[in-house]
Each structure stands twice: as C-alpha cells, then as structure tokens.
Amino acid sequence: MAADRPCFPTSIHRSTPNAIRLNRALRMSRRDALLGALGAAAVVTGSRQGMAATAGQDDTGVPLFMALSQRLTDRDTLDPRIGNALYAGIINAVPERRDQIQKLHDFMTGGSFASARALASAAEHQDPVFKDVIQDIMTGWYRGLADHKVVVYRSALMFDITKDAIYPKTYATGGPFYWTQTPPEVAVPTGEPALSPSKLVIEPT
Amino acid sequence: MPSEQDLSADVVIVGSGVAGSSIANELARAGISVIVLEAGPRVDRQHFVENFRNLENKPSYQGPFPAVPWARHPPNQITPNEYLHTTGPDAEAYQQVYLRMMGGTTWHWAGCAWRYLPSDFELKTRYGQGRDWALKYDDLEPFYYQAEVMMGVCGPDPSVEDLGSPRKQPYPMDALPISYAAQQFRKLIGEKTPYRVVHEPQARNTRPYDSRPTCEGHNNCMPICPIGAMYNGSYSVYHAEAAGAKFVPNAVVYRIERDSANKRVTAVHYYDPDKGSHRVTGKYFVIAAHCIETAKLMLFSADEQSPDGIANSSGHVGRNMMDHTGVQVSFISGDKALWPGRGPLETNVIDNFRDGDWRNERGAYLVHMVDDNQVDLATQLAIAKGYVGRELEEQIRYLASHTVRLFSHNEGLADPDNRLTLSKTNKDMLGIPHPEVYYKLPEYTVKSCEHTRGLFRDLIGLMHGTDEEWTPGYFPQDHPAGSTIMGTDPKDSVVDGFCRTHDHENLFIASSSVFSSVGTGNITLTVAALALRVADTLKKELAHA
Ligand SMILES: Cc1cc2nc3c(=O)[nH]c(=O)nc-3n(C[C@H](O)[C@H](O)[C@H](O)COP(=O)(O)OP(=O)(O)OC[C@H]3O[C@@H](n4cnc5c(N)ncnc54)[C@H](O)[C@@H]3O)c2cc1C
Ligand code: SF4
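Conventions we followed
Residues numbered from 1 in each chain as written. Chains lettered and ligands numbered in written order. Predicted model: local features only at pLDDT ≥ 70, side-chain atom pairs only at ≥ 80, totals over all residues. Heavy atoms only, no water. UniProt positions renumbered as here; feature names shortened; annotations may be inferred. Helix = DSSP H or I, 4+ residues; strand = E, 2+ residues; numbered from the N terminus. Buried < 20%, exposed > 50% of the residue type's maximum accessible area, 1.4 Å probe, protein only. Contact = heavy atoms within 4.5 Å. Areas by Shrake-Rupley, 256 points an atom, 1.4 Å probe, with all protein chains shown as cover. 1 Å grid on protein atoms, 1.4 Å probe; cavity = no way out; pocket = protein on both sides within 12 Å on 5 of 7 lines; lining within 4 Å. Points joined across faces, edges and corners; volume = space filled by probe spheres on them. Nonpolar A, V, L, I, M, F, W, Y, C, P; charged D, E, K, R; others polar. Axes fitted to C-alpha atoms, helices over the stretch in contact; angles between N-to-C directions. Parallel < 35°, antiparallel > 145°, perpendicular 65-115°, else oblique. Polar contact = N/O pair within 3.5 Å; in protein donor to acceptor, adjacent residues only side chain to side chain.

If you check an unreviewed UniProt entry, chain B appears there as Choline dehydrogenase from Komagataeibacter nataicola. Under the UniProt heading Sequence similarities (unreviewed entry), the note attached to chain B is "Belongs to the GMC oxidoreductase family."

Per an unreviewed UniProt entry, the recorded name for chain A is Sorbitol dehydrogenase, and the organism is Komagataeibacter nataicola.

Right, here's the structure in full:
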C-alpha cells in the first residue's frame, strides 16, 4: 500500500493548542504573493531597493512594463504598485519574459501605435512570442493574476470596468436586495480582436 | 498507544456535519450527555474567506479548504483523484467532493433546501423503479419543518407557488427577492414555454435569523458565504456546545466495537493525529460521517465477528451508490443584458420534470439557472479570443452580462453494483484506506440526462444563444447517497425506517447513505430531517431507559 505523504507537519495540532493557530496553519501558503507584501513597500519607499524587492535584480524592467501596460490597456494611468508585483510574477514564472518585455517595448517605441489593438496585432506579426507576452500582461491587469498567483483580486481591472453593475464575490456593498434592480444594458461590441485566437483552457475544479 | 482515560456519554456521535451536530444539539438541549467525535480540525470562516480571495482557480470549491493529513478529503473533482478513487465506465461522473472539518461539508454548500415529494419515497410502488423507503413523506413532514426552522429556510408562499411537498406550516422565512437575471429567466420561461420557474427553498436569511445577518448578495454561497447569512453545520455545532454537548476535534474514528453477541455497540475507537488510540463508550451510537466516510468506516471496522464490516449482514454496506449526476452548459445569450451574479448563487429552478408517469422509464430532474458572477470567465474568454485594450473591455462587459449557465440534477437509482470499497493500494497516514467507488450510470439516469440536453438546446434557442460550452460527459453533483441503504427487509438493507441498523440495536446512521432513492431535490434538508427523527427516537428511548 502507498501511504500518503503528509502535506505539512503532522504534529501541527500539538504546536497549536488553540484553534486559531491551527486555523492559521490551514491557510493557503501562497497568499504571501499579495500586493501588501510586495508592491506596497516599493511605493512607500519609492527607492531602487523597494523596486528590487519586487522585481528581483531587474528594476529597470518595471518602467518598460508600465509603459507597455498603459498602451496595451489603452489607459493613461495604472497603479504602479500592482505593476511592480505583476512584473515580478511574470518574470518569475517565465524568466525569458524579461527579455521579451524589453524587446516588445523596443518594438513599441520604434513605431507609432495609436491603440492597444494596433500595437498588439503588429507585434504578433513581428514575432509570435509577443502574443504570449501580451496575454500575460492582459491576464495580469484584468484578472489580477501572475505566476499562477493572485496579485490583486478586488482591484483587478475586470472589476473596475463592471463596477456599475456587479461586485467582486465577497465584496458586495449594494445594500438590501440590491440585486433586484435593473442593471445597465450593454451594447453588442463592435471592436475586433487584435491577436489570433487561442483555445480557452478552463482549469479543472 | 492506549489513552489514559476513556470517554463516555449517553450518546456518541461520529461526525459534526449538519446530521451529527443537529442530533447533538437536540439531545444536549434535552439534558442527555453527548460526545461528538470529529475527524477534522476546528476552523473559522474568515480564514476560508481569505483563502478564497487568494485562490487563482476561483470556481474550485475545494480550493479554499485544504485538508489536514489525518482526515483527508478529495482535493478536487479531477479523475484520477488523490483521495476518492473512482473506477468503472462512469468514474468521472462520481467524482464527488466533501469536507472533513468541524461543521462538515455544508461550509461550501449552496443552501438549496428542498423537501422531497411524497412520490420520491415510493418510487417502486408508483413507478416500478428502484426502491421504496421504509417510511413515508408524512412520517417525515414534522421533521422537515423542524429542519427548516433549524436552518432558517426561506421559501415561497405555498398558496402562490406549490412545490408539491405538502406543508402544515409556512416557511420560517419569507421568499427571497430574486435577482434581475432570475426575473428575466422566469418571465421568459413563463411566457415562451409550457414550463415554470419556481423560487428555490433555501437556507438563506431574508431577515436576521438565529443571530445571523440578512443575505447581502456576495454571490459566494459556494464555496464560502463571507457573513454567515446562509446556514451551515457549524451553527448547529455552536448551539450544541452551548447546550453542553462535547465536541472532540481531530478524532478520527476507525473502529466500532460490539458486545460478544454482536448485537450492541459498546464503544468506538478513534485515532488522534499522532495515532494515539482512544476508546469512547456510550449507550447509543450514531454514525454521521457523510455518505462516503460512513460506509468506509463500517467496512474498515470489519473483524472476526463481522468479517464483511459492521451492520453488514445484508452485504449492502457500500452498495447502491447514487447521486444527482447532471448535465451542464453555458452560452452567450443574444437577448438583453442579464448580469448574472448579483445576489445568491442558486435561487430559481424549472421544476416541471420533477415528477410524472414517465418516471417509470427515466429519472426526474431539476434545472437551475445558476446566477453566478461571470466576470472572470468573461475575461478569460475575451483574452483567449485575442482582444486587448478598449476592445477587450467592451467584450468583458458584454460577455459578463450575457453569459448564462444551466445545470441539472438528474435522479440516480439504487444499483448494488455501484459500490464503495476500501482501496487496496492507497491509505492515509493513519493507515486507513482511501475510499474507492465503482460507478456506472444507470440507464434511467442516462435517459433523464438525454431529456435534459434536449431541453437545454431548446432554451439556448429561445435565448438566441451562441458559443455553447457543454461540460463533457456528466456532471457529479456532490449528492452521494445509498451506501447504507434503508429498507424493511434486513436481507437487502442496512437500516430500518428509523435509521437504526438492522444488525445492532443501539447503532443509528444519520446521513444520505440511508436514502433508498436519491429523490428529486438537493439532499441535505432530508438528511437533516432524518437526523432530527433519529434524535427524537433517542430522546424517547433514553427517557424510558
Ligand atoms: C459544493 C457542494 C455544494 C452543495 N450544495 C448543496 C445544496 O445546495 N443543497 C443541499 O441540499 N446539499 C448540498 N450539498 C450536499 C451537502 O453538503 C451534504 O449533503 C451535507 O453536508 C451532508 O451532511 P452530513 O452531516 O451528512 O455530512 P458532512 O457535512 O460531510 O459531515 C460529516 C462529518 O463527518 C466527519 N467524519 C468523516 N469521517 C469521520 C471519521 N472517521 N471520524 C470522525 N468524523 C468523521 C467529517 O469530517 C465531517 O465533518 C453540496 C455539497 C457540495 C460539495
Ligand atoms: S449571496 Fe452572499 S451573503 Fe447571501 S448567502 Fe450567498 S454568499 Fe452569503
């Protein structure tokens, strides 16, 4: 028979005589990736040291990442604390991304792209790997994820752009039975995709 | 390692889920001494809420609830699984999840609280299919009401919307005001089809109730309500403890000891996480360890007196595994924006296929329009389609407001070949085998699912839907039942109509494991009603003792 390998110290209940400490041990460990632990420090100090804590050795990559992110989201302002943490996650997951982000940035500054769509479609044409870089950046800002970790939940852009209609789960603040009210109508979109389509892979539950 | 001191109580209960804790509460309030042995740890809501927020794969209902190594539960619904090993032609359709921790699996239920129909208890007599229960709807009616009061169930006024289960009392709480999306769905079905959408009875507060707040519409009932507006087993634990019941966490029961005549249970034995063994004696014993773990415990307790396991002279322990295996589809509606996901997750149901003469050949089913926040899925879809920037934002809004998800609960049928056994190849750190289940979907359920697929296609057409995504195969609905089946004949059943085992006069089972048919609604209100009936029987017998 194959016996289970314990996933954390099996004496945990003894080191934790009260329930609260045991429960703390039951918390998922990857939560430390969150913004609080990462980007906030960088912003408060605003120093190279703070940046380095987030993005490894490569703090010079962050401004490039932010510039690219602004173009690819068609937004003038994005939260730099989130940017720091996303950049760190993205290059941690795929180290080649550091170089690819630099190259995509060069490509952007070497041309003149008036929209996210213009940049993205030209970039994929230039080098198919840029599509993956761009989708990492979209996933980061819109879903709040990088390196298979939650960087931000409530502050992910997908919730910013739907906040007139709906709340992120566990953060509803609409008042009693708000859900009975009529939400905003949404027109059929007319915009075109910029990148070639990929298969949607839904993570199994 | 023997324990220094034996524990003892009038009634010893294994498992602190809704079944075990509600019995404990009733008995403790009647002054009866109770010990509840719970395999998992004590937990608190806020940590699970935090875990949820930090979870990448938000639809994973098990995700926020990591198991402890001495009381493992299935980590997910993936086949092959690390804990619940399913086999057979429909192995994936039986990949159930549940939780092993204080309060049990209702930490992440959806609160749907249906009474069964009178016909559900008489499937054999009325339709020549499956089995009859050893009790009738009327026997359970008062306990259904008691369970509804305990959980705080809101539901429709029966004179306006009759759900088919006769009631002597109105629901304890008024109906929930339904979401805009549900209102539109209801209107469409009412106007354009011969069917109806009813208000789902649900254990969710529409006013402050039992010191819990009114529902705020966080849309996170599964996997974790952040504020406790929805009942779960932990509330019965708190009440039972306040009334004097003793709950022992991290106590994994592994053996059920009987007297020399093998007629009465004398003690249960549990391991603590260091594998220290403890013996707990009592006058009565109730196994309330969830359908899968209950059968596993009874099989693992096999010894010379009972080589096939406890209460298993019929050979039916572990057999007759059932579920409400369903069908699921999502699509993009071509009609007006619905914005699903505002308010509770499951509130509205098409109930036209719950009962009818056709049940002599195919199973009944319920259809849920799942009122689930679709923003994250919409974002994934829009990114995969290749959108960026402004166009991406337009797509996210459109997809999030137009995605519709439907799923069904289709009736399974007791088949002795669908069987739970102890894994021969995997055991946990205490040396207790993992559960293994062989599953082949009954033809009765397959036909029911086919019918549902036809209905879903009609509904997609009606809503001018596109981009259909069908969940491949069948969808396990986490309503396992049947593993210690109820019946009047001790030769082919494990418990009688009072959930007392035929073989051992002081051993009761409180779980969906006793169900003789899986019925047409979610299972837990019936689990709770049966458990409260067990409590009633125990109170009477202890009063006479
Ligand atoms: C995602 C999901 C959604 C659901 N939604 C609904 C719904 O909307 N409506 C509905 O009716 N039902 C729903 N259910 C089903 C519902 O959760 C169960 O029916 C219910 O929890 C059963 O209660 P129980 O007390 O029998 O078992 P549980 O709640 O599972 O409690 C059993 C307890 O026994 C303990 N135990 C197990 N083995 C041992 C042992 N050896 N020794 C000591 N203790 C042990 C466990 O740790 C556990 O705490 C849902 C289930 C899931 C997974
Ligand atoms: S909608 Fe929110 S508050 Fe209401 S029961 Fe569900 S999770 Fe709890």
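Next, the rest of the story.
### Here's the deal with the overall build of chain A
Helix and strand content of chain A: 10 helices and 3 strands. When the elements of chain A are put in sequence order from the N terminus, they spell out β-α-α-α-α-α-α-α-α-α-β-β-α. Buried positions account for 44% of the 205 residues belonging to chain A. Expressed as a percentage of contacts within chain A between residues at least 6 apart in sequence, the contacts between residues at least 24 apart total 61%. Total accessible area on chain A is roughly 10,400 Å²; 53% of this is exposed by carbon and sulfur atoms.

### Some words on the UniProt feature "domain: FAD dependent oxidoreductase" (unreviewed entry) in chain B
The UniProt record marks residues 10-44 of chain B with the feature "domain: FAD dependent oxidoreductase" (unreviewed entry), using the residue numbering of this structure. In the segment residues 10-44 of chain B, helix accounts for 34% and strand for 26%; the C-alpha atoms at its two ends are 29 Å apart.

### A word on empty space enclosed by the protein
Residues and elements named next belong to chain B. For the coordinates displayed, the defined rule picks out 1 cavity of 30 Å³ or more. Volume-wise, the largest cavity comes out at about 80 Å³. Lining the largest cavity are 13 residues, with Cys 215, Gly 217, His 218, Cys 221 and Cys 225 sitting closest to its centre. Of the residues in the lining of the largest cavity, the class split is 7 nonpolar, 4 polar and 2 charged.

### Comments concerning the packing of helix α5 (residues 61-73) of chain A against helix α8 (residues 116-126) of chain A
Angle between the axes and distance between the axes: these two values describe a pair of packed helices. Residues and elements named next belong to chain A. Between α5 and α8, whose axes approach to 6 Å, the crossing angle comes to 110°. The angle between α5 and α8 places the two elements in the roughly perpendicular class. Note on element contacts: α8 touches α5 through Ala 116, Leu 119 and Ala 120, opposite Leu 68, Arg 71, Leu 72 and Thr 73. Its residues assigned to classes, the contact of α5 with α8 shows 5 nonpolar, 1 polar and 1 charged.

### Re the side chain of Asn 81 of chain B
All names here are of chain B. By secondary structure assignment, the location of Asn 81 is in the loop between α2 (45-53) and β3 (85-87). In this structure Asn 81 comes out as buried when scored by relative accessible area, which is 6%. A polar atom in the side chain of Asn 81 sits 2.8 Å from the backbone oxygen of Asn 76. Only 3.1 Å separates the side chain of Asn 81 from the backbone nitrogen of Leu 84, close enough to count as a polar contact.

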